[in-house]
Structures are given as C-alpha cells and as structure tokens.
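These are the residues of each chain, in order.
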Amino acid sequence: MPRMPPKLILRWVALIAGVALVVGAAGAGFLHALDWVTRCCHDHPWLLFSLPFLGLLMVWVYADPAQAASGGVKALIAQIRTPSATLPASMAPAIVGTTLLSHLGGASVGREGTALQMGGALADQFSRWLTLDEDEHRTLLLCGVSAGFAAVFGTPIAAAAFAIEFVRLRSWAIIPCLACAFLADLVGRKLFHAAHADYRLPLPAELSLGGLGTAIALGLGCGLVARSYLFLHRRNSAARSLPNPYARILFGGVMFVALVYVGNLRDFTGLGLHVIADSFFEPSWPTFFVLKFMLTFLCVSYGFRGGEVTPLFFVGATLGSAAAAMLALPLPICAALGFVGVFAGAGAVPLACTVMACELFGDSISAYALVTCAISWLVAGRKGLYDEA
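Just so it is clear, the model here is predicted, and its values are computed rather than measured.

Draft legend 1. Inspection of the packing of aromatic side chains at higher detail. Under the definition given, this model contains 20 aromatic pairs. Summarising the aromatic geometry, the rings of tyrosine 199 and phenylalanine 361 are spaced 6.2 Å apart at their centres and angled 55° between planes, so their arrangement reads as tilted. Taken together, the residues tyrosine 199 in the loop between α8 (174-191) and α9 (209-235) and phenylalanine 361 in helix α16 (residues 350-361) connect sequence positions 162 residues apart. Here tyrosine 199 matches phenylalanine 361 in class, with each residue buried.

Draft legend 2. Seen up close, the nonpolar core. Counting 133 residues, the largest nonpolar core has Phe166, Phe339 and Phe361 as its most contacted members. The contacts of phenylalanine 361, once residues within four sequence positions are left out, are Tyr199, Arg200, Leu201, Phe280, Ala336, Phe339 and Val340.

Draft legend 3. Representation of the pattern of salt bridges within the structure. In this structure the tally under the stated criterion is six salt bridges. A salt bridge links glutamate 134 to arginine 138, with the shortest nitrogen-to-oxygen separation between them at 3.2 Å. Of the two residues, glutamate 134 and arginine 138 are both situated in helix α6 (residues 134-153); the distance of four residues between them amounts to about one turn of the helix. Using a relative accessible area of 44% as the deciding quantity, one classes glutamate 134 as partly exposed. Owing to a relative accessible area of 13%, arginine 138 belongs among the buried residues under this scheme. The residue arginine 138 makes a salt bridge to aspartate 135 at a minimum N-O spacing of 3.0 Å. In this pair, arginine 138 and aspartate 135 are both assigned in helix α6, three residues apart and thus about one turn of the helix distant. Residue classification places aspartate 135 among the partly exposed positions, given a relative accessible area of 47%.

Calculation rules
- Residues numbered from 1 in each chain as written.
- Predicted model: local features only at pLDDT ≥ 70, side-chain atom pairs only at ≥ 80, totals over all residues.
- Heavy atoms only, no water.
- Phe/Tyr/Trp six-rings, centres within 6.5 Å; stacked < 30°, edge-to-face > 60°.
- Helix = DSSP H or I, 4+ residues; strand = E, 2+ residues; numbered from the N terminus.
- Buried < 20%, exposed > 50% of the residue type's maximum accessible area, 1.4 Å probe, protein only.
- Core = buried A, V, L, I, M, F, W, Y, C linked by side-chain atoms within 4.5 Å.
- Contact = heavy atoms within 4.5 Å.
- Salt bridge = Lys/Arg side-chain N within 4 Å of Asp/Glu carboxyl O.

Pasting the structure below:
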C-alpha cells in the first residue's frame, strides 16, 4: 500500500478540522435556535394557527431565493454518489430556516434532514477552493454529513456509521468521518454549549433468553411500523392529489392544525422530546405511537421541512414503553429498543442505529439493540427512506 504524501496528509487534517469547526458551530447554533422556537411555540399556543402560512413561506423560499437548493436530501445523496458541481451555498441556510419555521408552528417533523443537508452543503463549499478527485470529493461530503449528524444528535460514532450506511457505500472514508464527527461534536458541546438529552439507562441490560425474546418481539413490531410508514411514503398520495406545492402545504397545514386543536394533541407537535423522556419512566398509552405516526406522516408528506427521524424515535420509544408490560425486559430497556428499532427499519440503517443505542443508552444494550434493529430492517423490507431519494 503506497504511503500518503505529507502534503496530502496535512491537507486532509486541515480539511477535517475546518469542516468540524464550521459544521459543529452551525449545528450548535441550529440547536439553540430550535430550542428557542420550540419554547416560543409552547409559550404562545396561538402560533399553531400560523403553521399553514409558515408553510406557504417555506414553499416560496424553495421556489425563489433558494431554488437551487430545492433538491434537498435527494440532491445531497446524488452528489455523494457521483460528485460533480458544488452543492449550492443556499442549501444550508434554506434548510435551517425552513426547519425552524416548521417547529415554530408546531409541525411534527424532525431535524435529521437539516443535519445532513447543512453538514454536506457546508463541507462542500471547501471544494470551491481545492482541486479534488472524485473519491476525495465524496469523502469531503461524507465528512460533512457525519459532522452535521454528530453536532445535532451528539452521537459521533453513529454519525460516521450513518454517513456510510445511508448512501450504501463501502469506503475507507469511515476513518475521516469518525474524526470529523468527534471533532464537530466536541466543538458543539465545548465551544458553543450545545446540549443533548441524557438517555442513559438506570440499570444494565443483562442478557437472558427472555430478553432476547423481547428484542425479537420488539424488532417485529418496529419493523411492521416502519414498513407501514414506508408503504405510505412510497404511495406519495399527497403529491399526486395536490401537485401544486402551495396548495399542498396549505391543505396539509390546515389539516394538522385542525387535528391538533380538536383532539388536544399538543404533546404530539414538534419533536416531542418530553414525551420520549417520560416513556422511559412510565408506560405510554398505546395510542401515543399511532398519533405521532399519523401526524408526522401528514407533515412530511405535505411538504414541511426538517425530516422524520426524531418523530420516529418518539414512535418507537412509546411503542416499546406501551408494550413493556407484556415483555420480559424492564420498561426503560423496551423503550430504548423501540427508540432505535423503528428508525433502523424505516431508514434501513440497522448498524448505525445499533451503534446509536450503545452511545445513548450504554454498551450493555448492544446485543439486544443489534437483534431488534436487524429484525426491524428485515421486516421493513431492507430498503428505506433514503433508497427512495
């Protein structure tokens, strides 16, 4: 194996450091802004009724000033697979701004779409001043995606695994991705005071046959939920019935507001982090995961920006929590397995979700998480949201 020239090593050290600093700072800024708009939405309930109009503003952003960035995650994945021209500089501010607008109005959307596009687009701007071959350009993009995911979710190892797994690549880039993810997470936490939820389990998950049976059962349940979500996602009935994006998001926003207001479903708006946290300590009602599933699909399919990962964490955690009474493992462990299980199937990223379980909940859950995530992935069909991009 040929040795890398010292100049090339120094260039990549500088690139990794630069991407980690820029994306880590941007990720921390986004988290602070997201926390602020979430509190605004909570403190001023009338903001829910502004969601349809905020949706119209989002569509306008991508139709006019940020039209070049309208491809979103699809454009990012295409660029990683076949690097060509640099991603538009407007992609990062457009997705950050529209995600904040979604959460200001209480839309049930996530933040992974923001993390991926923000990280990938910011990293890709470095390629404007450098001459990179296709493999180097791809590695730079994957480093940006890893840094964005790590800065927003606080799970650097899972971030690097996700960056490789979600585009279905086998690459040595896992090494620079890990370095970039750890640095971006460190920058966000230490320099810009980004805070992440602490989900550490109060007790270790000891291996047993009953425990493995629970992991299998939860894998089946999470896989069926993920498969249902993917089935609805692939039908894309909202876009077919309302091809005009302004009419589509206005109609979807009005439907969401009506459901939340009439059904008193405020707890199911936004990320729902407080409900996720509660699911680890007391059993969730069986209706919780169904309601969040429905509201998330409504928002995403009608055009609200942000993604769906955290809402799917909500769906999985409350599913596991509700099912714990019938299973052999303690409630916190069932909620933790559900937390990663649904997204493992929906995103077709079982390895990244297994690693995430270890980072969030502790290493003792690793065997159970691997079983749950693998079964969920198989039941969901092995192709996920990013295979449609």
